Amino acid sequence: MRKTAQKKSTATKTPRKRKNSGSINRMDALKAFITACAVVVISLLISITIIVFHKNNVKHKVNEDPDVEIVNNEINDVEPVKTPSEPPTAPLYAPPPAVQTPVTHSSETHKAPLASKSAPVSEKPAASSKPAPVVPAAGTSSNNTAKPVEDKGVLVFVIDDAGNNLHELEPFLRISGPLTIAVLPGLPHSAEAARRIRTAGKEVILHQPMEALGGQNPGPGAIYSNMSADEIRAVLRRNIEEVGPVKGINNHQGSMITMNGNIMKIILAFCAENNLFFLDSRTTADTAVPVLAKQMGMKIAERDVFIDNEQNKDAMREFITGGLARAQKNGKAVMIGHTWSSELAPLLAEQFPLLRNRGFTIKTVSDIINEK
Ligand SMILES: [Zn+2]
């Protein structure tokens with residue numbers, strides 16, 4: 001009751017005031033007008049600020065396109081360092097961990113064919129001066145699904161060190177898609193491994209053992225730096241007779257030999273005469289092969305990534321992801337793994353269809369040499 005009474009009294013007071021003083025009334029109107037103008041101006045300023053802020057935000061999101069980012073990353077040739085962040089392309093599909101225990105080997109290890117007790121059979125691949133890959137965080141996954149599949153580049157997978165046994169080789173032969181498999185000579189299963197690889201429709205190459213700087217035993221049928229040109233050619237012919245016909249040759253170990261221009265000239269000339277390609281495994285950064293091949297007018301291929309320097313699926317996935325970035329940047333990437341990587345065949349079998357769906361083309365070494 002009291003409230004309504006107050007309201008009534010104020011309501012009656014105000015009009016009386018305005019009636020009594022015209023100038024005060026005009027002042028009030030002016031003040032009201034100025035206040036209204038101020039409110040309008042402030043609202044406009046706030047709106048403009050909001051619009052500008054929103055535009056900037058959208059710009060940032062566009063720059064996070066993962067496919068644009070990945071091309072800017074240099075990938076370390078040899079020992080990509082794992083980073084905790086997600087890879088820039090959509091990461092490879094990771095199924096639940098397998099039960100098998102990984103076997104530890106380094107990239108140029110194979111089960112010593114002649115059971116040499118003394119020599120450690122490991123040769124670290126070349127250290128590269130390039131920085132370790134810094135992988136930015138992944139963009140939103142919806143970005144990828146919305147895009148049409150585009151050509152992301154060519155991937156070549158090479159599996160080294162076949163010939164030690166057949167049971168490690170078999171899972172690779174069942175992979176649906178192109179594979180190049182390199183067979184070591186002079187081992188109990190060399191010839192049979194090569195035969196099975198051909199029957200499975202995969203590409204066979206000779207995995208030519210060569211002397212390494214570290215003095216490891218490269219195994220039977222190896223090329224050493226103290227050999228004559230005739231001896232080198234004879235070794236190559238004998239090895240090819242055993243595992244051939246082959247499409248090409250790549251080096252097993254061989255850091256010492258691939259650095260040696262004189263010997264590599266003999267080997268490359270042998271390749272040219274016999275219509276074989278040479279794939280440089282790049283076990284040393286100081287390899288003479290690329291320069292020599294250029295001088296001799298020969299097309300060669302070079303290894304970009306070792307997949308299984310670390311023997312677990314997660315690490316191998318990261319190496320492959322590095323290869324994908326390479327392929328996107330350079331048009332192609334050659335990735336080398338080994339038959340003794342027990343988890344590699346299942347990983348490739350699982351990844352081949354996924355990689356194709358993402359726009360990568362899987363080919364053999366011959367394919368990329370012929371397209372050069
Ligand atoms: Zn090898």
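Everything below is about the structure printed above this text.
Reference entry: report on the structure contained in this document. (Residues numbered from 1 in each chain as written. Predicted model: local features only at pLDDT ≥ 70, side-chain atom pairs only at ≥ 80, totals over all residues.)

Here we take up helix α10 (residues 289-296). Taken together, the buried positions of α10 are Val289, Leu292 and Ala293. Seen end-on, α10 carries its buried residues on one side only, within an arc spanning 100°. Exposed and oriented more than 90 degrees from the buried face of α10 are Val291, Lys294 and Gln295. Buried residues belonging to α10 abut α8 (255-259), α9 (261-273), β5 (277-280) and β6 (300-302). Looking at the residues trailing α10, positive phi occurs at Gly297, about 70°. (Buried ≥ 20, exposed ≤ 12 C-beta atoms within 10 Å, placed from the backbone. Helix = DSSP H or I, 4+ residues; strand = E, 2+ residues; numbered from the N terminus. Arc of directions from axis to C-beta. Contact = placed C-beta atoms within 7 Å.)

This paragraph deals with unusual backbone geometry. A cis amide bond links Gly244 to the next residue, Pro245, at an omega of 0°. Structurally, Pro245 is set in the loop between α7 (229-243) and β4 (248-253). With phi around 70°, Asp161 is a residue other than glycine that occupies positive phi space. Its place among the elements puts Asp161 in strand β1 (residues 153-162). Its 29 C-beta neighbours within 10 Å are what place Asp161 among the buried residues. You will see that Arg282, though not glycine, has its phi angle at about 50°, which is positive. Locating Arg282 in the fold gives a position in the loop between β5 and α10.

What follows covers the nonpolar core. Core analysis: the largest hydrophobic core is formed by 66 residues, its most contacted members being Val158, Ala162, Ile181, Val183, Ile307, Met335 and Val365. When sequence neighbours within four positions are dropped, the list of residues in contact with Val183 reads Ala162, Gly163, Ser190, Ala193, Ala194, Val204, Leu206, His207 and Val243. (Core = buried A, V, L, I, M, F, W, Y, C linked by C-beta atoms within 7 Å.)

This part is about the environment of Gly177. Relative to the helices and strands, Gly177 resides in the loop between α5 (170-173) and β2 (180-183). Distance from Gly177 to Gly201, taken between C-alpha atoms, is 9.2 Å for residues 24 residues apart in sequence. Each residue touching Gly177, except ones within four places of it in the same chain, is listed here: Phe352 and Ile362.

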